[in-house]
Amino acid sequence: MEAEILRSVKGGYNKESFITKLDAYNKLITAMQNGLPSEQARLELAQIQQKPMQKEKGGFFGKVGYSIEDADAYIADLEMNIVRTFK
């Protein structure tokens, strides 16, 4: 049985917007693994955190997006793991 990490729901975060933000985190992690200085990584992390994610409209004619609750929890966990590497 396959478990969903991010549920798809009417409304929620726009999937493309969410994936774009995840790509930015991935680039940061890759840069850190390749020797990006911690201070610069902190600045980039702050910039990524400020990037807004678009939300889909809910309701009967709304589009399907990622659950806001699931997406926020996923990003919080990802950010926590990134911040741990600074210490």
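Here the structure is a predicted model, which means the values were calculated and not measured.

Caption draft 1: Up close: the packing of helix 1 (residues 15-33) against helix 3 (residues 68-84). At a closest axis distance of 12 Å, the pairing of helix 1 and helix 3 adopts a crossing angle of 10°. As far as their axial angle goes, helix 3 and helix 1 are roughly parallel. Residues Phe18, Lys21, Leu22, Tyr25, Leu28, Ile29 and Met32 of helix 1 lie in contact with helix 3, whose contacting residues are Ala71, Tyr74, Ile75, Leu78, Glu79 and Ile82. Residue composition of the contact of helix 1 with helix 3, by class: 11 nonpolar, no polar and two charged.

Caption draft 2: Molecular detail of helix 1. The terminal C-alpha atoms of helix 1, which comprises 19 residues, lie 27 Å apart, in line with the 27 Å expected from a rise of 1.5 Å per residue. Every buried residue of helix 1 is accounted for by Ser17, Phe18, Lys21, Ala24, Tyr25 and Leu28. For helix 1, the arc enclosing every buried residue in end-on projection is 120°, short of the 170-degree limit, so these residues lie on one face. Exposed positions of helix 1 whose direction lies more than 90 degrees from the buried face are Glu16, Lys27 and Gln33. Buried residues along helix 1 sit in contact with helix 2 (38-50), strand 2 (64-66) and helix 3. Between a side-chain oxygen at the N-terminus of helix 1 and the backbone nitrogen of Glu16 the separation is 3.0 Å; the capping residue is Asn14.

Caption draft 3: Seen up close, the side chain of Asp70. Assignment of secondary structure puts Asp70 in helix 3. When its relative accessible area of 13% is taken as the criterion, Asp70 is described as buried. One polar contact links Asp70 to Arg7, side chain to side chain, over a distance of 2.7 Å. Ignoring anything within four residues of it in the chain, the contact list for Asp70 reads Ile5, Leu6 and Arg7.

Caption draft 4: Fine view of the nonpolar core. Grouped together as the largest cluster of nonpolar side chains are 17 residues, with contacts concentrated most on Phe18, Tyr25, Leu28, Leu45 and Ile82. For this core, the secondary structure elements donating two or more residues are helix 1, helix 2 and helix 3. When residues no more than four places from it in sequence are discounted, the contact partners of Ile82 are Tyr25, Leu28, Ile29, Met32 and Leu45.

Caption draft 5: Region of the structure containing the packing of aromatic side chains. Enumeration according to the criterion identifies two aromatic pairs in this entry. Aromatic pair Phe18 and Tyr66: ring centres 5.3 Å apart, planes at 65°, arrangement edge-to-face. Taken as a pair, Phe18 in helix 1 and Tyr66 in strand 2 lie far apart in primary sequence, 48 residues in all. In terms of burial, Phe18 and Tyr66 fall into one category: buried. What links up through ring pairs into an aromatic cluster is the set Phe18, Tyr66 and Tyr74. A cation over a ring is seen here: Lys15 above Tyr66, with NZ or CZ 5.1 Å from the ring centre.

Rules of the game
Residues numbered from 1 in each chain as written. Predicted model: local features only at pLDDT ≥ 70, side-chain atom pairs only at ≥ 80, totals over all residues. Heavy atoms only, no water. Axes fitted to C-alpha atoms, helices over the stretch in contact; angles between N-to-C directions. Helix = DSSP H or I, 4+ residues; strand = E, 2+ residues; numbered from the N terminus. Parallel < 35°, antiparallel > 145°, perpendicular 65-115°, else oblique. Contact = heavy atoms within 4.5 Å. Nonpolar A, V, L, I, M, F, W, Y, C, P; charged D, E, K, R; others polar. Expected span 1.5 Å × (residues − 1). Buried < 20%, exposed > 50% of the residue type's maximum accessible area, 1.4 Å probe, protein only. Arc of directions from axis to C-beta. Polar contact = N/O pair within 3.5 Å; in protein donor to acceptor, adjacent residues only side chain to side chain. Core = buried A, V, L, I, M, F, W, Y, C linked by side-chain atoms within 4.5 Å. Phe/Tyr/Trp six-rings, centres within 6.5 Å; stacked < 30°, edge-to-face > 60°. Lys NZ or Arg CZ within 6 Å of the ring centre and 35° of its normal.

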